[in-house]
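# A structural walkthrough
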Amino acid sequence: MSEFYCPQPWTGGFFTTEEQKVCCGHVGVPSPRPSAMYTSEFIKKIRTELLTGNLDVSCMRCKNDEDNGIKSLRKTHLEWHGDVGIDFEKDMDYPFTPKLFEVRLSNLCNYRCRMCTPNYSSSIAKEIIKNPELKKWHLHQPDFTADGSHLSHQENFLNDIIEMIPTMKAVHFTGGEPMLIPDLTKIIDSMDSQGYISDIILYITTNGSAINPKFIEKINKFKKTHVTISIDAINEVAEYVRDGTIWSKVDANIEYYGQIRLNNPHTFFLNSNTVLTAYTVLTMDKTVEYLCDLQRKYKFHMTMSVADLFYQPNALTGETRIKAIASLTRALEILEAPDINGDGIKAQISSVKAILENSEPDEISAGQFFNFTKEIDTLRNQSFEKVFGFKLSNAQNT
C-alpha cells in the first residue's frame, strides 16, 4: 500500500456552487450539488490511485511540493484531520462522509486580488465582463450574471450543506468573502437550531475588510473558532496586490479580532495566511515583521502558500529577482527572533529563496507576468514602479 495517503476522498471535500472536489487543488465533478460526490466513481478512482501510489496530475502536485520542501495541501489535510480527531479511513468501500471540509459559498467578493480568478471574486468577474480582453489571463470561466456572481442553483447547494451538519466535525468557510455572503449566517443558524453547533469547529478565511455581526454573536457557541486573515502584504503594497483593500480598515479589524482572541484564549484562534507571489516576495520582510508583531500581541499562527501560474515567484527576473532574494533573506532573519514561532512559514520562504537563487527564471511565466502587470496597472490606474519604488524587470531585457 502506498504511503502517500490523503484523507480527503473519504472524509473531506471542497464544495462550491459550480463544481465539487475532494480538495481545492484537485480537479472536480461539474455539478452545483455536493451530494453529486457521494456515489461518484470519481471518488473511487482517487482512492485507488492514492492507495496504490499511481497518482494523478493533481495529487502529484502535492508530492512535488513535498519533494521540494514545500508544505503541501496533503500535509495540511493530514494535520487538520489529526487536530480535529477524525480517523484516517482507508477502506475502499467506506461511504463518502464529509466530516471536515471546505465550502466556498459564493464568489461574492469586494476585492480584485491579482492572483485570484473570477471563480472566487465577483469583482474580478465584473471587471472581465467590462473588459473581455482580460479573459486570456484566466483558464476556467463559468457563466456569470451582470453583477459578476455565479449562475448556479444556490438553494440546492445550500440544502446539501445543511444536510451534512449532523456528521460535520469541522467546516472551513471561504469565498469570495464569506463575511459578506448571507448564506454563511443561514448555515450557522441551522447548526445552532439543529443543536450541533457546540460540537463543530469552525474555520473561516476572510480578507479582513468586513466584520459580520451575526458571526460575532455566534462564535462562542462553537466548540472552537479559527479565523484566518489573508495578509499578503501591508500598507500600499496590500492595496496594490489586493485591489479593494483599505489597509487602515483591515488593520483596525485585525486589532478587533485580536481583542476577541485575548478575551477567549481557549476557544478563539487567529491565523494569518500569506500567498508568496512574484509581487509579495518583494516586500516579504515588511510583511513578516508585521505578522511577528501580531503573534507577539495576539498569538497569531502564521501560514504561507506558494502561488503557481505566471505570478509565481520564479517569474521574477533581473534586478527585481535580486530585490526579492534580499527581502526573503531579511524575512528569515526576522523570524529568528527568540520569541517568535515561525515554523509554519520558514520552510516556505527558504524554499522560494533557494529557487530564486539557484534556478533560472521561468521565461514563459516571466513574460506573462510582465505583460499582465502592465495591462492591469493601466486598467486600474495603478503603478508597479510607484508602489515598489523600482521598475519591474522585463524578461526580454534581462
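Note that the structure is a prediction, hence the values are computed from the model and not measured.

## Digging into the packing of helix H11 (residues 284-298) against helix H12 (residues 318-334)
Two elements in contact, H11 and H12, have axes separated by 7 Å at closest approach and are oriented at 20 degrees. Judged on the interaxial angle alone, H12 and H11 are roughly parallel. The two elements H11 and H12 cross, and the hand of that crossing is right-handed. Between H11 and H12, the contacting residues are Met284, Asp285, Val288, Glu289 and Cys292 on the first element and Ser327, Leu328, Arg330, Ala331 and Ile334 on the second.

## Overview of helix H2 (residues 41-52)
Under the 1.5 Å per step criterion, the end-to-end length of H2 is 17 Å for twelve residues, consistent within 8% with the ideal 16 Å. For H2, every residue scored as buried is listed here: Phe42, Ile43, Ile46, Arg47, Glu49, Leu50 and Leu51. Tucked inside the fold, the buried residues of H2 contact helix H1 (8-11) and helix H3 (57-67). Gly53, located one to two residues past H2, shows a positive phi value of around 85 degrees.

## Considerations on the side chain of Thr11
Among the structural elements, Thr11 can be located in helix H1. Judged by its relative accessible area of 0%, Thr11 is buried. The residues contacting Thr11, other than those within four sequence positions of it, are His81, Ile86, Glu89, Tyr94, Thr97, Pro98, Lys99 and Leu100.

## Some points on the environment of Glu127
Here Glu127 is to be found in helix H5 (residues 122-130). Glu127 sits in the buried class, given a relative accessible area of 7%. Expressed as a C-alpha distance, the spacing of Glu127 and Pro98, which sit 29 residues apart in the sequence, is 35 Å. The contact partners of Glu127, leaving out residues within four places of it in the chain, are Arg112, Leu134, Leu379 and Arg380.

## Digging into the packing of aromatic side chains
In total, this model carries 17 aromatic pairs according to the counting rule given. Ring centres 4.7 Å apart and planes at 55 degrees place the aromatic pair Tyr279 and Phe369 in the tilted group. Of the two residues, Tyr279 sits in the loop between strand E9 (268-276) and H11 while Phe369 sits in helix H14 (residues 363-380), which places them 90 residues apart along the sequence. Taking the relative accessible area as the measure of exposure, Phe369 reaches 1% and is therefore buried. Pairwise contacts between aromatic rings join Tyr240, Tyr279, Phe369, Phe384, Phe388 and Phe390 into one cluster. Over the face of the ring belonging to Phe4 we find Arg74, whose NZ or CZ atom lies 4.1 Å from the ring centre. Its guanidinium or amino end placed over the ring of Tyr240, Arg114 lies 3.9 Å from that ring's centre, counting from NZ or CZ.

## Quick word on the pairing of strand E7 (residues 224-230)
Summarising burial for E7: six of the seven residues are buried, a large majority. Each parallel crossover has a hand, and the one from strand E6 (residues 201-206) via helix H8 (residues 213-218) to E7 is right-handed.

## Digging into the nonpolar core
In terms of nonpolar packing, the biggest core is built from 112 residues, with Phe173, Met191, Phe215 and Ile349 touching the most fellow members. Per element, the largest residue contribution to this core is seven residues, and it comes from H11. Residue contacts for Phe215: discarding those within four places in its chain leaves Met179, Ile188, Leu202, Ile204, Thr225, Val227 and Tyr257. Residues Val84, Ile86, Leu100 and Ile201 belong to the second largest nonpolar core, which totals seven residues.

Cut-offs and rules
Residue indices follow the written sequence of each chain, beginning from 1 at its first position. Only residues with pLDDT of 70 or above have their local features reported here, since the model is predicted, and side-chain atom pairs are shown and tallied only from 80 upward, although totals for entire chains, interfaces and linings are computed over all residues. Calculation of side-chain values draws on the structure's entire complement of heavy atoms; hydrogens and water are dropped beforehand. Throughout, an axis means a line fitted to C-alpha atoms (over the contacting stretch in the case of helices), and angles, computed between N-to-C directions, take values from 0 to 180 degrees. In DSSP terms, a helix is any run of H or I states spanning at least four residues, a strand is any run of E spanning at least two, and both are numbered starting from the N terminus. For classification purposes, an angle smaller than 35 degrees is called roughly parallel, one larger than 145 roughly antiparallel, one from 65 to 115 roughly perpendicular, and anything else oblique. If you view the pair so one helix is near and one far, a crossing is left-handed when the near helix is turned anticlockwise from the far one by less than a right angle, and right-handed when it is turned clockwise. The criterion used for residue contact is that any of the two residues' heavy atoms lie within 4.5 Å. Multiplying one less than the number of residues by 1.5 Å gives the expected span of a helix. In this scheme, a residue with accessible area under 20% of its type's maximum is buried, one over 50% is exposed, and one in between is partly exposed, where area comes from a 1.4 Å probe on protein chains only. Between 30 and 60 degrees the pair is tilted, below 30 it is stacked and above 60 it is edge-to-face, where a pair is any two Phe, Tyr or Trp rings, Trp via its six-membered ring, whose centres lie within 6.5 Å. Lysine and arginine charges are scored as sitting over a ring when NZ or CZ, respectively, is within 6 Å of the ring centre and within 35 degrees of the ring normal. Crossovers are described as right-handed under a simple rule: with the strands pointing away from the observer, the path leading from the first strand over the helix to the second runs clockwise. What is meant by a nonpolar core is a set of buried Ala, Val, Leu, Ile, Met, Phe, Trp, Tyr and Cys residues, joined one to another through side-chain atoms within 4.5 Å.

Everything listed is a geometric property; what it means functionally is a separate question.
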